[in-house]
Amino acid sequence: MANILVTGGAGFIGSHTCVELLNAGHDIVVVDNFSNSKPEALKRIKAITGKDFKFYELDILELDKMDKVFKENSIDAVIHFAGLKAVGESVEKPVEYYHNNITGTLMLIKAMRQNGCKRIVFSSSATVYGVDNPVPYVETMPTHTSTNPYGYTKVMIEQILTDVCASDPEWSVSLLRYFNPIGAHKSGLLGEDPNGIPNNLFPYIAQVAVGKREFLGVFGNDYDTPDGTGVRDYIHVMDLANGHLCAVDYVLEHKGVEAVNLGTGKGSSVFDVLHAFEKACGRELPYRILPRRAGDIAWCYANTDKAKEVFGWTAKYGLDEMAEDGWNFTKNNPDGL
Ligand code: NAD
Ligand code: WQD
């Protein structure tokens, strides 16, 4: 069993992954500045697992403090979730996004290098496939364009980590390209808790279901898709968390860099997600058709062969379970964590 540093471990995907790491018997050290999360998430990880872990409230940009974290703990590998992730906000605040995500990652790499830790699992995104590649997305496709600064931070960080590996063959890097993570832990104690008006489909529907928003705005019903709405590869956050366990095992035993898609390989439309949620909460939810959202594409789903081959991992859960678990969390926590 290993000692894993988890940056951004209080966030949505990080907190669920911490649960799975602890359940698998790993030790974890969590770093977060709570810029988009709450301390309550850490309490809930402990409540679910019955296990304790070290936590540092700090910003990964602070190299001295990050260096101290490595000096005080013998870290075998890092899972790097910490980053800002709102696509629209990144268009408004590109400098803040590039600084937090890219400089933050550079500081983390420096702290790792100073302490001889050379294994990292990075939270990348399907957004690196840009707008020109055909679906399903395969890891070998070109990834050098994006539609927004957030997406470019992922493209650039993938490049930086690839270059680090090329410069030093001792490094081991896993670039995990997540598709659309939704759902929640089965306990109903952990889930997605966005600040303000949700940007993403699933938490928006959840807020309509608890009466916080009047209706779902469907961004376009004239795409070239079966029902005219955008198609995405939604993946249960617990499946995603499990993918990280595989990636950690992989970087502990291999060197070099691998990009791996974490998706289900199955596309679902906006109406598919809405109907699954309606089934879970037992009533119809109001929606209105709105114009397309800038930067959206019609189709996005993964080819999942490489995850199966390299990690022996496949997603287990379908849309119904994602909706049931997401609703269970929202109904138990209507005001979030
Ligand atoms: P999140 O916002 O819930 O979690 C990110 C965490 O990082 C938060 O707890 C935040 O407080 C922390 N953080 C941000 N900047 C930090 C800094 N400078 N120092 C310390 N902590 C910092 O987001 P999430 O949905 O859990 O996403 C985790 C990662 O996965 C992100 O890198 C995101 O870009 C990536 N990702 C997310 C999705 C998605 O749809 N949720 C899809 C693809 C990739
Ligand atoms: C899904 C579908 C919308 C909200 C984003 C990022 C991506 C990744 C995952 C981090 C689309 C439609 C949405 C709403 C709607 N994140 N929609 N009404 O855009 O696929 O991906 O999150 O890396 O980089 O871009 O996810 O949940 O915003 O949208 O109709 O209120 O739902 O048009 O078809 P998206 P999403």
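Residues numbered from 1 in each chain as written. Chains lettered and ligands numbered in written order. Predicted model: local features only at pLDDT ≥ 70, side-chain atom pairs only at ≥ 80, totals over all residues. Heavy atoms only, no water.

Our focus in this paragraph is the side chain of Asp-32. Its place among the elements puts Asp-32 in strand β2 (residues 27-32). Although Asp-32 lies buried, it forms no salt bridge, and the closest oppositely charged side chain, Lys-85, sits 11 Å away as judged by the N-O distance. At 3.3 Å, the side chain of Asp-32 forms a polar contact with the side chain of Ser-37. Sequence-distant contacts of Asp-32, that is, excluding residues within four places in its chain, are made with Gly-8, Gly-9, Ala-10, Gly-11, Ser-37, Phe-55, Tyr-56, Glu-57 and Leu-58. (Helix = DSSP H or I, 4+ residues; strand = E, 2+ residues; numbered from the N terminus. Buried < 20%, exposed > 50% of the residue type's maximum accessible area, 1.4 Å probe, protein only. Lys, Arg positive; Asp, Glu negative; His and termini not counted. Salt bridge = Lys/Arg side-chain N within 4 Å of Asp/Glu carboxyl O. Polar contact = N/O pair within 3.5 Å; in protein donor to acceptor, adjacent residues only side chain to side chain. Contact = heavy atoms within 4.5 Å.)

Now for the pattern of salt bridges. Scanning all chains against the criterion turns up 18 salt bridges. Between Arg-288 and Glu-214 there is a salt bridge, and its shortest N-O distance comes to 3.7 Å. Of this pair, Arg-288 sits in strand β13 (residues 287-290) while Glu-214 sits in the loop between α7 (201-209) and β8 (216-219), placing them 74 residues apart in sequence. Judged by its relative accessible area of 44%, Arg-288 falls in the partly exposed class. Take Glu-214: its relative accessible area is 62%, and that puts it in the exposed class.

Residues Ala-77 and Ile-79 point to one face of strand β4 (residues 77-80) and Val-78 and His-80 to the other, with burial holding for every one of them. Here strand β1 (residues 3-7) pairs with β4 via four bridges, running parallel. Within β4, the position partnered with Ile-4 by the bridge is Ala-77. As paired elements, β4 and strand β5 (residues 119-125) share three bridges and run parallel to each other. Directly across from Val-78, in β5, lies its bridge partner Ile-120. (Pairing = 2+ DSSP bridges.)

As a further point, take the layout of surface pockets. Each pocket or cavity is described by its volume, and for the second largest pocket that value is around 240 Å³. At the level of secondary structure, the elements contributing two or more residues to the lining of the second largest pocket comprise α7 and α11 (319-332). With four residues, α7 is the single largest residue contributor to the lining of the second largest pocket. Considered class by class, the residues forming the lining of the second largest pocket number 10 nonpolar, nine polar and four charged. (1 Å grid on protein atoms, 1.4 Å probe; cavity = no way out; pocket = protein on both sides within 12 Å on 5 of 7 lines; lining within 4 Å. Points joined across faces, edges and corners; volume = space filled by probe spheres on them. Nonpolar A, V, L, I, M, F, W, Y, C, P; charged D, E, K, R; others polar.)

Spatial strand order, β12-β9-β14: three strands in an open sheet with mixed pairing. Since the sheet does not close on itself, it has two edges, and those belong to β12 (268-269) and β14 (299-300), each with one partner. In terms of strand pairing, strand β9 (residues 231-232) meets β12 through two bridges, oriented antiparallel. Looking across to β12, one finds that Val-231 is bridged to Ser-269.

Right, let's talk about the side chain of Gln-207 for a bit. Mapped onto the elements of the fold, Gln-207 is located in helix α7. A polar contact of 2.9 Å, which involves the side chain of Gln-207, links it to the side chain of Arg-213. Sequence-distant contacts of Gln-207, that is, excluding residues within four places in its chain, are made with Gly-196, Pro-198, Lys-212 and Arg-213.

Treat this as a map of the structure, not an account of what it does.
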